Amino acid sequence: MRLSKLQKYILAEIYNSKSALPADFFDFYSSAPAGGKNAENKKIIQDTIHKSLDSLVAGDLLIAIGKKTAKKWFIHKVKLTNFGKKLAIKIIKNRQRKLPIK
């Protein structure tokens with residue numbers, strides 16, 4: 001399964017905090033331009049995060065705890081599965097750089 005930068009960020013953040021709320025992932029977009037504070041952009045960001053969480057749940061990397069209505073799934077909390085933990089460790093290790101030895 002190929003992961004986007006947002007999905008890698010989500011896995012690493014959940015691994016570091018053991019469980020998280022979907023609102024915790026808005027920090028990924030904090031480097032957006034100053035115009036990113038309006039309600040329309042916030043809605044787009046929220047939808048993007050929700051789609052990423054749904055695909056991670058479909059890939060058996062996350063467990064989502066929430067409420068499901070007839071039309072929509074409301075995620076309140078997410079946790080990593082065992083496979084998700086292994087992948088998060090691999091992502092964190094790949095992000096760390098090795099020191100040059102002279």
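Everything discussed here concerns the structure shown above.
Below is a short write-up of the structure.

**Concerning the nonpolar core**
Thought 1: I10, L11, I14, F25, L53, L62 and V78 are the most contacted members of the largest nonpolar core, which has 20 residues in total.
Thought 2: Where this core is concerned, the elements lending two or more residues are α1 (5–17), α2 (39–58), β1 (62–68), β2 (73–80) and α3 (82–95).
Thought 3: The dominant element in this core, judged by the number of residues it contributes, is α1, at five residues.
Thought 4: Once residues within four sequence positions are removed from consideration, L62 is found in contact with I10, L11, I14, L53, L56, V57, V78, K79, L80 and T81.

**A look at the pattern of salt bridges**
Thought 1: Taken as a whole, this structure holds one salt bridge when the rule is applied.
Thought 2: A salt bridge links K43 to D47; the nearest nitrogen and oxygen atoms lie 3.2 Å apart. Highlighted residues: K43 and D47, both in helix α2, separated by four residues, approximately one helical turn.

**Notes on the pairing of β1**
Thought 1: Sheet topology places β1 next to β2; seven bridges connect them, and they run antiparallel. Across the sheet, I65 pairs through a bridge with K77, a residue of β2.
Thought 2: Between β1 and β2, which follow one another and run antiparallel, lie four residues.

Basis of the calculations
- Residues numbered from 1 in each chain as written.
- Predicted model: local features only at pLDDT ≥ 70, side-chain atom pairs only at ≥ 80, totals over all residues.
- Heavy atoms only, no water.
- Core = buried A, V, L, I, M, F, W, Y, C linked by side-chain atoms within 4.5 Å.
- Buried < 20%, exposed > 50% of the residue type's maximum accessible area, 1.4 Å probe, protein only.
- Helix = DSSP H or I, 4+ residues; strand = E, 2+ residues; numbered from the N terminus.
- Contact = heavy atoms within 4.5 Å.
- Salt bridge = Lys/Arg side-chain N within 4 Å of Asp/Glu carboxyl O.
- Pairing = 2+ DSSP bridges.

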